[in-house]
Amino acid sequence: MHLNESILCATAPSASGAGPGTLSLHDIQTGTSLATWKQNFSGAHCTAAVQSRGGQGGFMLAAQQDKSILNVYNFQKDQLALKIVLPERLTAIAVDPRGKYCAGATAQGRIFLWEIASGIMYNSWDAHYRQINVLRFTQDAAALLAGSEDSGVSVWSMPRLLDETLQIDLPTSYCNFTDHTLPVTDIVCGVGSFPSCRILTASADHTVKVWDLASKGLLTTFYFPQPISCIVWDPSERLFFAASADGSIHQVNLFRQREDKFGHTAMEAIGGAGVSDVIRIDSADPKDARKRLISVGEAVTTMAMSLTGSMLLAGTASGLVHTYDIASHQLLRTLSSHKDMIITHLTTMLRPPDLIGHISLTLSSGATGDGRESITVRPVAPFQRIRDAKAREAHEVSLMLPHNSTRTGSFFSYSREELVRDHAFFVQPSTVGPEATGVSLQSRVSELENELTRLREQLGRAKGINDVMWETVVQRMVAEGREKETEMGRESGGATHETTAELAESGRRRKRNRT
């Protein structure tokens, strides 16, 4: 299967009115339309997508601007899959990277947290005083961030929001950032696990700020000539792009080249001095700033970066999607199929293998029927409108287990015929045909009986040899013992005779002396 990158684009009708908006998927290299889903009227930061992975099909969520409805789409059908009635009209939504939880924010500053597979509302709380413009999950789904019209940014720990013992208590935030002076327009989370990661926040006060979640402090402030509407961060965190309503996109490098006292060039990081570190983009080096400026010519509403980090996508208020080469800032192509609409969402992803009309043959090899049957759609249950303790206690989740029979063949090719042949080679004796199976078994039994008889005869012979050897050794040892005893007896007898003669001689000597 070829890994082709695609663009997911969400549109909404402009003020002049050009019909309902759509969700569409385009090829990033050619701009060709791959699929379109209608009946969409989602605003900025109100669209989220979960990619197809692990044998399960992905889905898309779109909160409607004009009503408290959440539209659910999947990649296998070009129609609306589900309409979810919400407790309030949402101004921003976010789905965690694993596709398990969905967060929604309202114009009153309230946040709802649902489990997607069961629809259970795990939490609902007042996070800000005014409308929340953007919601973001960290890349490890351990924290939820919210940016509001009250110029504040709040960070919430997901384990505390999901803890059953804390359901009756008012949630407390991990930290709050209040250095912005005007509404927050966008938030981007960097790589790394929470809290060992950094975030970027953009605001209408002309600034983009870099925060460190581990120390809960401000690292650097970048000041721009115009209010910033959206930002996008390079995957390696080397640079970021900030766009404004006047059509200008600024590239901000987070490193610079300098010369040491020996004349050697070296790279160093920019910023990090804290609250007092304010970098003005145009005033420092206007000539260099113009080199890093991309002029679109119309208001930029959303941006995205390709998975390879080599292309920048910019959506405009007139329905155009521009693709730029990041290294040279050259305009590669312009997607104009959504003209007279507003681009409200852009994201890049691999082309879904279960995309309607583009089913991958490698995923359905060996299967009958449509290839989509081998990929189940992730379950999306209707969201609860109020918190229900009984539902959380029961916690019923419907899961579709993926069919893994086709996955086996993708790693090794071992057919059933080869398995039977190898089994016959190692287990069964070689025969002429299937009809000789019974005869071969009888001959095998006869061979084993003859071999058993032969082994018993050999065992009897071995026992006989062992007995003869044992008797010979024992008799020899007994004879040698008797010979030793005889010799010892003779030696002891001679010594006794000599002793008697000596005694007799001494007696005679005594008698003579007496005489």
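Structure's up top.
Before going into details, it helps to say that this report is about the structure given with it. Since we're looking at a predicted model, the values are computed, not measured.

With an omega dihedral of 0 degrees, the bond running from Phe194 to Pro195 counts as a cis peptide bond. As for its placement among the helices and strands, Pro195 is situated in the loop between β17 (184-189) and β18 (198-203). For Gln39, which is not glycine, the phi dihedral falls at a positive 60 degrees. Structurally, the position occupied by Gln39 is in strand β3 (residues 33-40). A positive phi angle is found at His206, which is not glycine, with a value near 75 degrees. For His206, the position within the fold is in the loop between β18 and β19 (207-212).

Below, the discussion takes up the sheet that holds strand β11 (residues 110-115). Hydrogen bonds between backbone atoms are what pair the strands of a sheet, whose relative direction is either parallel or antiparallel. Spatially, β9-β10-β11-β12 is the arrangement adopted by the four strands of the open sheet, whose pairing is antiparallel. The open sheet has two free edges, formed respectively by β9 (90-95) and β12 (121-126), since each of these has just one partner strand. In this sheet, adjacent strand axes meet at a mean angle of 15 degrees when their direction is disregarded. Here strand β10 (residues 101-106) runs beside β11; their pairing, made up of five bridges, is antiparallel. Among the inter-strand pairings, Cys102 is bridged to a residue of β11, identified as Trp114.

By the element assignment, Asp186 lies in strand β17. Through-space distance from the C-alpha of Asp186 to that of Arg136 is 9.2 Å; in sequence the pair is 50 residues apart. Setting aside anything within four residues of it in sequence, one finds Asp186 in contact with His45, Val134, Arg136, Leu200, Thr201, Ala202, Ser229, Cys230 and Ile231. Side chain to side chain, Asp186 and Arg136 meet in a polar contact 3.2 Å long.

What counts, and where the lines are drawn
- The numbering scheme is per chain: residues are counted from 1 as the chain's sequence reads.
- For a predicted model such as this one, the threshold for reporting local features is a pLDDT of at least 70, and the threshold for listing and counting side-chain atom pairs is 80 or more; totals across whole chains, interfaces and linings nevertheless cover every residue.
- Heavy atoms from the whole structure form the basis of all side-chain values; hydrogens and water molecules are not counted.
- Numbered from the N terminus, helices here are DSSP runs of H or I no shorter than four residues, and strands are runs of E no shorter than two.
- In this scheme, strands are said to pair when DSSP sees at least two bridges between them.
- Axis definition: a line fit to C-alpha positions, over the contact stretch in the case of helices; interaxial angles, taken between N-to-C directions, run 0 to 180 degrees.
- By definition, residues are in contact when any of their heavy atoms lie within 4.5 Å.
- The term polar contact refers here to a pair of N or O atoms within 3.5 Å; inside protein, the definition further demands a hydrogen-donor-capable atom paired with an acceptor-capable atom, and it admits residues adjacent in sequence only when both atoms are side-chain atoms.

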